[in-house]
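What follows is the residue order along each chain.
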Amino acid sequence: MLTNEAYKPINCDDYDNLELACQKNWTLSLELKNGDQLKAKAVDMVSRKNVEYLAVDLSGETREVRLDHIASFTHPELGTVVVSEE
């Protein structure tokens, strides 16, 4: 996906669920809008130049995923959350 596309903020409830996942260091199954799937530990929420990211630990490597590139995420305590824009 292009990195210079306009950022579209996600729904506040979805953001709060991602924040909770970071606080509890949950491992999430993420499905991205481009079809990629990741299973990674939620580490932190990062905001840079008006774009928000989920920092995840993917096999010991930190990776930042734009929140508006996440189609859905799953965790046993949350179920599957389909991310929607504001």
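In every chain, residue numbers begin from 1 and rise along the written sequence. In keeping with the model being predicted, local features are shown solely for residues with a pLDDT of at least 70 and side-chain atom pairs are shown and tallied solely at 80 or more, while totals for entire chains, interfaces and linings include all residues. Side-chain metrics rest on all non-hydrogen atoms present in the structure, leaving aside hydrogens and water.

As recorded by an unreviewed UniProt entry, the protein carries the name Rho-binding antiterminator and is attributed to Pantoea nemavictus.

Student: Quick question: what am I supposed to make of the overall build of the protein here?
Tutor: Only DSSP runs of H or I covering at least 4 residues are called helices, and only runs of E covering at least 2 are called strands; the numbering of each starts at the N terminus. Helix and strand content of the protein: one helix and six strands. When the helices and strands of the protein are read in sequence order from the N terminus, they spell out α-β-β-β-β-β-β. Both definitions apply: the radius of gyration is a C-alpha atom measure, and the globule rule equals 2.2 Å times residues to the power 0.38. Relative to the compact-globule value of 12 Å for 86 residues, the protein shows a C-alpha radius of gyration of 12 Å, a close match. For the protein, the spread of C-alpha atoms along the three principal axes comes to 30 × 25 × 25 Å. The proportion of buried residues among the 86 residues of the protein is 36%. Any two residues having at least one pair of non-hydrogen atoms within 4.5 Å are treated as being in contact. Pairs at least 24 residues apart make up 48% of the contacts formed inside the protein by residues separated by at least 6 positions. In the form shown here, the protein has an accessible surface area of approximately 5,200 Å², with 44% of it arising from carbon and sulfur atoms. Measuring between centres, the 9 positive side-chain charges of the protein sit 4 Å from its 16 negative side-chain charges. When a residue's accessible area, from a 1.4 Å probe over protein chains only, is under 20% of the maximum for its type it is buried; when over 50% it is exposed; and in between it is partly exposed. Per-residue accessibility takes into account occlusion by the displayed protein chains alone, with areas from the Shrake-Rupley method and a 1.4 Å probe. We count Lys and Arg on the positive side and Asp and Glu on the negative side, and we leave His and both chain ends out. Lys charges are placed at NZ, Arg charges at CZ, Asp charges at CG and Glu charges at CD.

Student: Please explain the pattern of salt bridges as it appears in this structure.
Tutor: Salt bridges, as used here, are contacts in which a Lys or Arg side-chain nitrogen is within 4 Å of a carboxyl oxygen on Asp or Glu. Tallying each qualifying case throughout the model produces three salt bridges. Residue D68 is joined to R66 by a salt bridge in which the shortest nitrogen-to-oxygen separation is 2.9 Å.

Student: Sorry if this is basic, but what is going on with the packing of aromatic side chains here?
Tutor: For any pair of aromatic rings, the description consists of the separation of the ring centres together with the inter-plane angle of the planes. Ring pairs are drawn from Phe, Tyr and Trp, using the six-membered ring of Trp, whenever the two centres fall within 6.5 Å, and their geometry is named by plane angle: stacked under 30 degrees, edge-to-face over 60, tilted for the rest. Scanning the entire structure with this criterion turns up zero aromatic pairs. Whether a charge sits over a ring comes down to the Lys NZ or Arg CZ being within 6 Å of the ring centre and within 35 degrees of the ring normal. Directly above the aromatic system of Y53 lies the positively charged group of R48, at a separation of 5.4 Å from the ring centroid.

Student: Would you mind showing me how to read the pairing of strand β5 (residues 70-75) here?
Tutor: If a strand is regular, its side chains alternate between the two faces of the sheet. Strand direction decides the pairing type here: strand β1 (residues 27-32) and β5, joined by four bridges, are antiparallel. Its bridge partner lying in β5, E31 is registered against S72. Pairing of β5 with strand β6 (residues 79-82) involves four bridges; the strand directions are antiparallel. Bridge assignment links F73 to a residue of β6, and that residue is V81. Note on pairing: two strands pair once DSSP finds at least 2 bridges between them.

Student: Is there a simple way to think about the environment of V51 in this case?
Tutor: Looking at the secondary structure, you find V51 in strand β3 (residues 51-58). Assessed through its relative accessible area of 12%, V51 is described here as buried. Sequence-wise, V51 and L67 are 16 residues apart; in three dimensions their C-alpha atoms are separated by 8.2 Å. In this structure, V51 is in contact with Y7, V46 and R66, ignoring residues within four places of it in sequence.

Student: Just to check I follow, could you spell out unusual backbone geometry for this structure?
Tutor: Leave glycine aside and you will find that most residues have negative phi; peptide bonds, for their part, are mostly trans. Backbone geometry places K49, a non-glycine residue, at a positive phi of 55°. Structurally, K49 can be placed in the loop between β2 (37-48) and β3. The exposure class of K49 is exposed, given its relative accessible area of 78%. In this structure, S59 takes a positive phi of about 55° despite not being glycine. For S59, the location among the structural elements is in the loop between β3 and β4 (61-66).

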